[in-house]
Amino acid sequence: TINVAKDHPEIIFEHCSGYKMAKNVGVYQSRFYEGAYLLGVIAGLMSKSNTLGYVAPFPIPEVKRNLNAWVLGARSVNPKITTKVIWISSWYDPPKEQEAAQTLINQGADILYQNTDSPAVVELAQTKGLYAFGQDSDMSKFGPKSHLSGNTVNWGVYYVAKVRQVLENKWKAEDTKWGMKEGMVKLVPVNKEVPAKVAERFEKLKAQTIAGKFYAFNGPIKDQSGKEIIASGKTVSEDELWKMSWYVEGILGKQP
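Residues numbered from 1 in each chain as written. Predicted model: local features only at pLDDT ≥ 70, side-chain atom pairs only at ≥ 80, totals over all residues. Heavy atoms only, no water.

S.K.: Any chance you could explain the side chain of Ser90 here in plain terms?
M.R.: Inspection of the secondary structure puts Ser90 in the loop between strand 4 (82-87) and helix 4 (94-106). Setting aside its immediate chain neighbours within four residues, Ser90 contacts Pro57, Phe58 and Thr116. (Helix = DSSP H or I, 4+ residues; strand = E, 2+ residues; numbered from the N terminus. Contact = heavy atoms within 4.5 Å.)

S.K.: What is the right way to read the environment of Lys234 from this model?
M.R.: Within the element layout of this structure, Lys234 appears in the loop between strand 11 (228-230) and helix 8 (238-241). On the accessibility criterion, Lys234 (54% relative accessible area) is exposed. Sequence separation between Lys234 and Phe214 is 20 residues, and the spatial gap between their C-alpha atoms is 13 Å. If we skip the residues at most four places from it in the chain, Lys234 touches Phe217, Asn218 and Gly219. (Buried < 20%, exposed > 50% of the residue type's maximum accessible area, 1.4 Å probe, protein only.)

S.K.: What should I look at first to understand the pattern of salt bridges in this one?
M.R.: Inspection of the entire model under this criterion finds seven salt bridges. Lys170 is paired through a salt bridge with Glu168; the nearest N and O atoms lie 3.7 Å apart. Given the relative accessible area of 57%, Lys170 is considered exposed. (Salt bridge = Lys/Arg side-chain N within 4 Å of Asp/Glu carboxyl O.)

S.K.: In this structure, what is going on with helix 5 (residues 120-128)? I would like to understand it.
M.R.: Owing to its 3.6 residues per turn, the α-helix aligns residues three or four sequence positions apart on the same side. Along helix 5, the residues that are buried comprise Ala120, Val121, Val122, Leu124 and Ala125. Looking at the buried positions of helix 5, the neighbouring elements they touch are strand 3 (51-56), helix 4, strand 5 (111-114), strand 6 (131-136) and strand 7 (147-153). With its phi angle positive at about 70 degrees, Gly129 sits one or two positions after the end of helix 5.

S.K.: I tried to follow the packing of helix 2 (residues 32-46) against helix 7 (residues 196-210) on my own but got confused; where do I start?
M.R.: The packing of two helices is summarised by the inter-axis angle and the distance between the axes. Viewed as axis vectors pointing N to C, helix 2 and helix 7 meet at an angle of 160 degrees, and their least axial separation amounts to 10 Å. With respect to their mutual orientation, helix 2 and helix 7 come out roughly antiparallel. In this structure, the crossing between helix 2 and helix 7 has a hand that is right-handed. Residues Glu34, Tyr37, Leu38, Leu39, Val41, Ile42 and Leu45 of helix 2 lie in contact with helix 7, whose contacting residues are Val198, Arg201, Phe202, Leu205, Lys206 and Thr209. Considered class by class, the residues forming the contact of helix 2 with helix 7 number nine nonpolar, one polar and three charged. (Axes fitted to C-alpha atoms, helices over the stretch in contact; angles between N-to-C directions. Parallel < 35°, antiparallel > 145°, perpendicular 65-115°, else oblique. Left-handed = near helix turned anticlockwise from the far one by under 90°. Nonpolar A, V, L, I, M, F, W, Y, C, P; charged D, E, K, R; others polar.)

S.K.: Sorry, what's going on with the pairing of strand 7 here?
M.R.: If a strand is regular, its side chains alternate between the two faces of the sheet. Burial of strand 7 is extensive: seven of the seven residues sit out of reach of the surface. The pairing of strand 6 with strand 7 spans five bridges and is classified as parallel. Bridge pairing in strand 7 links Gly134 to Gly150. Note: strand 7 against strand 9 (residues 185-187), three bridges, orientation antiparallel. Paired with Val153 across the two strands is Val185, which belongs to strand 9. (Pairing = 2+ DSSP bridges.)

In structure tokens, the structure reads:
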């Protein structure tokens with residue numbers, strides 16, 4: 001994007017998940033981790049095996065951020081929770097996603113989450129009588145009973161804001177990160193399978209997040225080895241958040 005932008009200075013570019021900027025290049029990302037934490041709260045309260053499973057695409061900060069947030073959310077309500085992760089090196093590969101999900105189920109996971117894009121994980125959970133959370137789009141129809149909620153994104157609110165800036169000659173290159181407060185990250189309504197008390201706790205925390213009164217990465221936070229890396233009263237900095245390379249406590253296995 002940067003290279004092409006140099007050749008076309010008259011054109012405005014917006015790069016999703018980008019990190020390099022120029023006079024005519026802006027970058028933007030979603031705070032997907034906000035939704036992931038909330039889904040983790042449901043998982044932590046509903047898991048019977050205390051083992052969760054996560055189907056992951058690539059080991060980049062965005063994915064580790066979502067994974068860590070999900071585990072933090074689950075362990076905030078159930079410290080016994082552990083999470084197993086399988087990396088499939090793809091954003092969309094239904095057979096691989098399903099194979100990974102089955103392996104996680106074989107290893108004791110009774111609730112699954114994904115950072116991949118197909119409904120294969122949700123569909124498998126439906127056939128196994130287990131639970132799962134969708135990602136990026138509403139996957140409810142693929143798991144009427146299994147799909148407890150989902151973490152989706154509405155890019156439209158950002159695109160409208162940026163197009164308006166262009167029309168009003170107010171556009172400038174910015175590094176934008178929006179989440180639930182701005183309406184970019186939206187959670188699918190919880191399934192009726194979710195107990196009322198769990199749903200109530202979820203909705204309360206969701207409202208606090210939207211209001212900017214709750215932050216997923218509040219200390220104390222320990223890394224995978226059990227070492228405290230964020231003290232009580234402190235938070236993960238913005239800079240560290242977007243470069244995240246570590247696992248939180250409760251995630252089993254080595255990083256790829």
